[in-house]
Amino acid sequence: MNFHNTIRPILVIFLLFGQFPLYGVLTRKPLRWHFRWCSLQTVLSVGLIFVGLFLCFVEYDRLKAIGVNADNLIGPLFYLDVIIIMLLLLRVAYRWPTVVPKWEQIESLEVMQYNARQQNARSCRRIRAIALLLIVLGFAEHMLSIGKTVNARVDEARTCHWNYSNLPEYYALRTYGFFFQRVPYNFPSFIFLEVERFYSFIRKSPIAINAMGLFRLTKKTMLTMFGAVITYELVMLHFAQSTANQGIVRACSPEQFLFQPKMQIRTN
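All of these numbers come straight from a predicted model, not from anything done at the bench.

### What to know about the overall build of the chain
Part 1 of the reasoning: Assigned secondary structure in the chain consists of nine helices and two strands.
Part 2 of the reasoning: Along its sequence from the N terminus, the chain presents helices and strands in the succession α-α-α-α-α-α-α-α-α-β-β.
Part 3 of the reasoning: As presented, the chain carries roughly 17300 Å² of accessible surface, and 66% of it is formed by carbon and sulfur atoms.

This is how it looks when you write it as structure tokens:
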């Protein structure tokens, strides 16, 4: 079991989400894995990039209307992050045929052959088991998140005396109002947005790998990353304090179906 056959099921999942558009991944011969501009995988990936750009524009228009604060700034940053990652994966897929010969050269080394005989299917099962476990846990977490959000939306409608006849439509308009303000409500778009949320959870979940012993994440690297996160959090806390009174929409107002701003805090 070589590296490409080990990661092949994971790449298939990537393709389902429009990522890493390699043609021929379903075959077991890595030499047939190549990039094609005129393929369904590439068209889907490029289409999702344009959708991300459209959502960035929607978020920008939303911030122009309600103001910027530390809470609602996450939206455009998230979509911009997704677009950058998709472009990088597209670039990696484009150059992947040049990687295959190098991997085969490394796997032909005597040391790698010995390690492969020692571990063989065990390492493959571990990688696939971790990937499957992550997907299952991500799906369960996403379903719980949807259930919690639906319950909150129903309580909100009861408090604000909002009447609705279609719960999925009300949930979609209330949760993704910034999107359906410009696009008429339809169930496929709603499902697409939910799948996008599910994919974002899987993509951001931390997984540590050592690339078959070629490298390892050291404590120094982790501490450096942790320091960068702390610095970012301090900057965002300062930004949150300086924009605390911006981007607020009154509770139970019709504008809540147009934006997802920071809610106004009620004081007794």
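### Some words on a nonpolar patch on the surface
Part 1 of the reasoning: Taken together, F226, I230, L234 and L237 make up a surface patch of nonpolar side chains, about 410 Å² in accessible area.
Part 2 of the reasoning: Considering the arrangement of structural elements, one finds L237 in helix α9 (residues 219-242).
Part 3 of the reasoning: Judged by relative accessible area, L237 falls into the exposed class, the value being 51%.

### So, the environment of R8
Part 1 of the reasoning: One can find R8 in helix α1 (residues 3-16).
Part 2 of the reasoning: What makes R8 buried here is its relative accessible area of 12%.
Part 3 of the reasoning: Along the primary structure R8 and T27 are separated by 19 residues, whereas in three dimensions their C-alpha atoms are 8.8 Å apart.
Part 4 of the reasoning: In this structure R8 touches V25, L26, T27, R28 and W33, once residues within four positions along its chain are discounted.
Part 5 of the reasoning: At 3.2 Å, the side chain of R8 and the backbone oxygen of L26 are in polar contact.

### A short note on the packing of aromatic side chains
Part 1 of the reasoning: The tally for this structure, following the rule as stated, stands at five aromatic pairs.
Part 2 of the reasoning: Pairwise contacts between aromatic rings join F35, W37 and Y94 into one cluster.
Part 3 of the reasoning: Residue placement shows R36 over the ring face of Y23; its charged tip is 3.9 Å from the ring centre.

Definitions and limits used
- Residues numbered from 1 in each chain as written.
- Predicted model: local features only at pLDDT ≥ 70, side-chain atom pairs only at ≥ 80, totals over all residues.
- Heavy atoms only, no water.
- Helix = DSSP H or I, 4+ residues; strand = E, 2+ residues; numbered from the N terminus.
- Areas by Shrake-Rupley, 256 points an atom, 1.4 Å probe, with all protein chains shown as cover.
- Patch = residues over 30% accessible without salt bridge, like charges linked within 9 Å, V, L, I, M, F, W, Y side chains within 5 Å.
- Salt bridge = Lys/Arg side-chain N within 4 Å of Asp/Glu carboxyl O.
- Buried < 20%, exposed > 50% of the residue type's maximum accessible area, 1.4 Å probe, protein only.
- Contact = heavy atoms within 4.5 Å.
- Polar contact = N/O pair within 3.5 Å; in protein donor to acceptor, adjacent residues only side chain to side chain.
- Phe/Tyr/Trp six-rings, centres within 6.5 Å; stacked < 30°, edge-to-face > 60°.
- Lys NZ or Arg CZ within 6 Å of the ring centre and 35° of its normal.

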